[in-house]
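The primary structure of each chain is shown beneath.
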Amino acid sequence: MPRVVVKPEVCIGCHLCEVWCVVAHSRSKNILKAFLYETPRPVPRVVVEENLPFTLPVHCRHCSEPSCVEACISGALYRDPLTGRVEHDAGRCVGCYSCVMACPYGAVVMDEVNRKIARCDLCKEMGEPTCVKQCPNRALVYQDSFTS
Amino acid sequence: MFSHLLPEFLVERRSDRCIKCRVCERQCPNGVHHYDTELDLMFSDESPCVGCQRCVVFCPTNALSVYPHPTTYRPNASWTREKLQDLKKQAETGGVILTGSGNDKPYRIYWDHLVLNASQVTNPSIDPLREPMELRTYLGRKPDTLEVEVCGDKVSITSRLSPNVPVETPILFSAMSYGAISYQAFVSLAMAAKEFGTLFNTGEGGLPREMREKFGQNAIVQCASGRFGVDPEYLNSAAVVEIKIGQGAKPGIGGHLPGEKVAANIALTRMIPEGTDALSPAPQHDIYSIEDLSMLIYALKEATNYEKPVSVKIAAVHNVAAIASGIVRAGADIVAIDGLRGGTGAAPKAIRDNVGIPIELALAAVDRRLREEGIRHKCSIIAASGVRCSADVIKAIALGADAVYIGSAALVAMGCTLCQKCYTGKCAWGICTQDPYLTRRLNPEIASQRLVNLLRGWSHEIKEMLGGMGINAIESLRGNREHLRGVGLEGWELDVLGVKGAGE
């Protein structure tokens, strides 16, 4: 599956992946504008789980049999058979959060301001995911190994 | 007791840039930064700040600046701020002032008073990008005479040769033990040494078993006063065995790795119980004379079947030349000399800043003494302490070194900022700590690459400088003081260095 793979042994828990995820999903793509002047500020789609000293960024796994897609009541979540990615059509999302409860990894984030969900879209339009590019310790690796 | 100490650093946060992402708070092991959820504000308490610059580098919006605190006592050339602060610290604690890294006092740095030669008109310089340039160095004892036998087209050497170890560049990593530095830092040094074809030094903390097969041939293993982790398998896994007599940062002083740092794998490697203090006595208690040293050298040679060069590392002290001569006569194949500015993980500040002599003078004195006695070929000399750049390396070689050890420079390449707080075990860069939350900050894949890049860059520069002098092999520069001139040095200094003044 195309996905961001984490190397927990070198994850330093800096949460910079969350910061840059917000920037990547902002309108301006500028860190200062995104955080200080854009409202509403986008929610980060990656969440760093902590049980110190262990830290683990959790991204959408783009599962081959995604529970979130099964749970989706509106058809907003679907799996693209060509790319292997789980996609989210925000226009159809009704904010029921069924997928949040269904995801076994806790990788679906609630965007309460917009009453929608947010999950890792692998920065589709930007080539390599921003969190992977910005990770200071190379703890995140983009694996684009999907074959349909 | 109410503390009279002034903060060392000032932390400045630009509110127009701070996005309250809390990266600084998470990166600081000293608790300088703090996020207040109630007020949605970041606060900084600079008193515990050590100036390691981790937060500054990691701040994604460059909102932070950390610089020496401007608060000062009345300026006084004798009673400096540092002297007053140390004095107050001792008045409050009654303890010895500890510090890390190398001597930071303004002793003359002779590297900066030596200039190199270059070819002009009368001899051609060499372009290392177009012509071969040899940096490979062989460490070990060379034969007194070289006898060869010619048999038709075949030439063979009949003299008995001592074991020699080749390195692709005359730059080795200094002794930094696993325990003093993190496993990640230790492995990074080993990986870089292997990739570049040079050597790293295990220090006195042993070589973890799982590393022996892969990295042994790039390891100098130490046998120090604590004898931690020494067994025949350890000795035989290495390329070189080194007896550590002294360390430049703390000549005459032993070591003390606190029990809280002795985790399971460190205990296993050092062969001591987990959680116990690892105490290295000041002297090696079986070496009270050159004759005793000779016994240990030959015991180690015996244990390694005379297949590995044995090195003896000493701190540069007043009569270093005579001591080095004794060491060579005792049977050592390599003499490593660690000077006044050598680094450490922990040392009493009074010792670090006041004991020993500069490596440049010690190196020149040892090289000259061994030449005068006709025994220079019997050993290789490794110079250590305060080698900061390729020019320092090449000047050391012109002063008589076969190779240099770099410790601080290697650590800086990995991330160290010489904040001198190694002894606290809270290294924010994951180097000098055993805290699993901090050690993972050093990714060996990245750190080893940084080290290899450093070696590559320096080696290129050394080749350029050699080419400029019209020399195509580092061998031809060794001890060749004609390629050095002193600038701003006094007569006695030039005499000790064996170097002419510029213009002479």
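Owing to the predicted nature of the structure, the values given are computational and were not obtained by experimental measurement.

Parameters at a glance
- Residues numbered from 1 in each chain as written.
- Chains lettered and ligands numbered in written order.
- Predicted model: local features only at pLDDT ≥ 70, side-chain atom pairs only at ≥ 80, totals over all residues.
- Heavy atoms only, no water.
- Salt bridge = Lys/Arg side-chain N within 4 Å of Asp/Glu carboxyl O.
- Helix = DSSP H or I, 4+ residues; strand = E, 2+ residues; numbered from the N terminus.
- Buried < 20%, exposed > 50% of the residue type's maximum accessible area, 1.4 Å probe, protein only.
- Domains from an automatic or database assignment.
- Contact = heavy atoms within 4.5 Å.
- Buried area = accessible area lost by both parts, 1.4 Å probe.
- Pairing = 2+ DSSP bridges.
- Phe/Tyr/Trp six-rings, centres within 6.5 Å; stacked < 30°, edge-to-face > 60°.
- Lys NZ or Arg CZ within 6 Å of the ring centre and 35° of its normal.
- Patch = residues over 30% accessible without salt bridge, like charges linked within 9 Å, V, L, I, M, F, W, Y side chains within 5 Å.
- Areas by Shrake-Rupley, 256 points an atom, 1.4 Å probe, with all protein chains shown as cover.
- Axes fitted to C-alpha atoms, helices over the stretch in contact; angles between N-to-C directions.
- Parallel < 35°, antiparallel > 145°, perpendicular 65-115°, else oblique.
- Left-handed = near helix turned anticlockwise from the far one by under 90°.
- Nonpolar A, V, L, I, M, F, W, Y, C, P; charged D, E, K, R; others polar.
- UniProt positions renumbered as here; feature names shortened; annotations may be inferred.
- 1 Å grid on protein atoms, 1.4 Å probe; cavity = no way out; pocket = protein on both sides within 12 Å on 5 of 7 lines; lining within 4 Å.

S.K.: So, the pattern of salt bridges: which residues are in play, and what are the values?
M.R.: Residue and element names in this part refer to chain B. For the structure shown, the criterion picks out 40 salt bridges over all chains. Between aspartate 40 and lysine 20 there is a salt bridge, and its shortest N-O distance comes to 3.6 Å. Pair noted here: aspartate 40 is in the loop between strand E2 (33-36) and strand E3 (41-44) and lysine 20 is in the loop between strand E1 (9-13) and helix H1 (23-27), with a separation of 20 residues, a long-range link. The class of aspartate 40 is partly exposed, set by a relative accessible area of 36%.

S.K.: Can you break down the domain arrangement of chain B residue by residue, with the values?
M.R.: All names here are of chain B. Here chain B is partitioned into domain 1 (9-95) and domain 2 (137-142 + 155-501). Placing a centre on the C-alpha atoms of domain 1 and another on those of domain 2 gives a separation of 34 Å. On the side of domain 2, 11 residues touch domain 1, which itself brings 13 residues to the contact. Of the roughly 1,000 Å² buried between domain 1 and domain 2 on both sides combined, carbon and sulfur atoms contribute 53%.

S.K.: Tell me about the environment of aspartate 292 of chain B, residues and numbers included.
M.R.: Residues and elements named next belong to chain B. Along the chain, the position of aspartate 292 falls in helix H8 (residues 290-303). Given the relative accessible area of 23%, aspartate 292 is considered partly exposed. For the pair aspartate 292 and alanine 330, spaced 38 residues apart in sequence, the C-alpha to C-alpha distance is 8.8 Å. Sequence-distant contacts of aspartate 292, defined by excluding residues within four places in its chain, comprise Asp286 and Ile287.

S.K.: How would you summarise the pairing of strand E13 (residues 219-223) of chain B if you had to cite specific residues and measurements?
M.R.: Residue and element names in this part refer to chain B. In terms of residue burial, E13 counts as a mostly covered element, since five of its five residues are buried. Residue alternation in E13 divides its side chains into two sets, Ala219, Val221 and Cys223 and Ile220 and Gln222, and both sets are buried. With two bridges connecting them, strand E12 (residues 200-201) and E13 associate as parallel partners. Counterpart to phenylalanine 200 in the pairing with E13 is alanine 219. Pairing geometry for E13 and strand E14 (residues 240-244), over four bridges, is parallel. Paired with valine 221 across the bridge in E14 is valine 241.

S.K.: Please give an account of the packing of aromatic side chains that cites residues and values.
M.R.: All names here are of chain B. Scanning the model with the defined rule gives four aromatic pairs over all chains in all. Seen in terms of ring centroids, phenylalanine 58 and tryptophan 429 are 6.4 Å apart; in terms of plane orientation they differ by 65°. Their pairing is edge-to-face. Placement of phenylalanine 58 in helix H2 (residues 54-58) and of tryptophan 429 in the loop between helix H13 (408-414) and helix H14 (436-439) is noted, with a sequence separation of 371 residues between them. By relative accessible area, tryptophan 429 is classed as buried at 11%. Aromatic ring contacts, followed pair by pair, group Tyr178, Tyr183, Phe186 and Phe200 into a single cluster. Positioned over the ring face of tryptophan 429 is arginine 54, at 4.7 Å from the centre of the ring. Its end group placed over the ring of tyrosine 437, arginine 441 keeps NZ or CZ at 5.6 Å from the ring centre.

S.K.: Describe a nonpolar patch on the surface, and please don't skip the residues or the numbers.
M.R.: Residues and elements named next belong to chain B. Together, Leu146, Val148, Val150, Val155, Ile157 and Leu161 line one region of the surface with nonpolar side chains, adding up to about 580 Å² of accessible area. Tracing the backbone through its elements, the reader meets leucine 161 in the loop between strand E9 (154-157) and strand E10 (165-167). Residue leucine 161 is classed as partly exposed on the basis of its relative accessible area, which comes to 47%.

S.K.: A description of the side chain of lysine 301 of chain B should follow, citing residues and the corresponding values.
M.R.: Residues and elements named next belong to chain B. Topologically, lysine 301 is positioned in helix H8. You can call lysine 301 buried: its relative accessible area is 8%. Every residue in contact with lysine 301, bar those within four places of it in the chain, is listed here: Tyr306, Val310, Gly331 and Asp333.

S.K.: How would you summarise the packing of H8 of chain B against helix H9 (residues 320-329) of chain B if you had to cite specific residues and measurements?
M.R.: All names here are of chain B. Packing of H8 against H9 brings their axes to within 9 Å, and their N-to-C directions diverge by 40°. Between H8 and H9, the interaxial angle falls into the category oblique. Between H8 and H9 lies a crossing whose hand is right-handed. Here Ile290, Leu293 and Ile297 of H8 come into contact with H9, specifically with Ile323, Gly326 and Ile327. Considering only residue class, the contact of H8 with H9 consists of five nonpolar, one polar and no charged.

S.K.: Give me the lowdown on the UniProt feature "binding site: [4Fe-4S] cluster 2" (unreviewed entry) in chain B, citing residues and values where you can.
M.R.: All names here are of chain B. UniProt annotation of "binding site: [4Fe-4S] cluster 2" (unreviewed entry) refers to Cys28, Cys49, Cys52 and Cys55 when read in the numbering used here. Across 28 residues in sequence, these annotated residues keep their C-alpha atoms within 10.5 Å of one another, forming a single compact spot. Residues that both appear in the annotated list above and line the second largest pocket are Cys49. As for its placement among the helices and strands, cysteine 28 is situated in the loop between H1 and E2. Accessibility expressed as a relative area gives 11% for cysteine 52, which makes it buried. Discounting chain neighbours no more than four positions away, the residues touching cysteine 52 are Thr417, Cys419, Ala428 and Trp429.

S.K.: Can you lay out the sheet that holds strand E18 (residues 334-338) of chain B for me, pointing to particular residues and giving the numbers?
M.R.: Residue and element names in this part refer to chain B. On the basis of which strands lie adjacent, the open sheet formed by eight strands has the order E11-E21-E20-E18-E17-E14-E13-E12 and parallel pairing. Of all strands in the sheet, those with a lone pairing partner are strand E11 (171-173) and E12, marking the two edges. Relative to strand E20 (residues 380-384), E18 runs parallel, the two being bridged by five bridges. Across the sheet, the residue bridging to isoleucine 334 is serine 380, located in E20. Contacting strand E17 (310-315) and E18, H9 runs over the sheet at an angle of about 165° to E17. Along the sheet face, helix H11 (residues 359-372) touches E18 and E20 and points at about 170° away from the line of E20.

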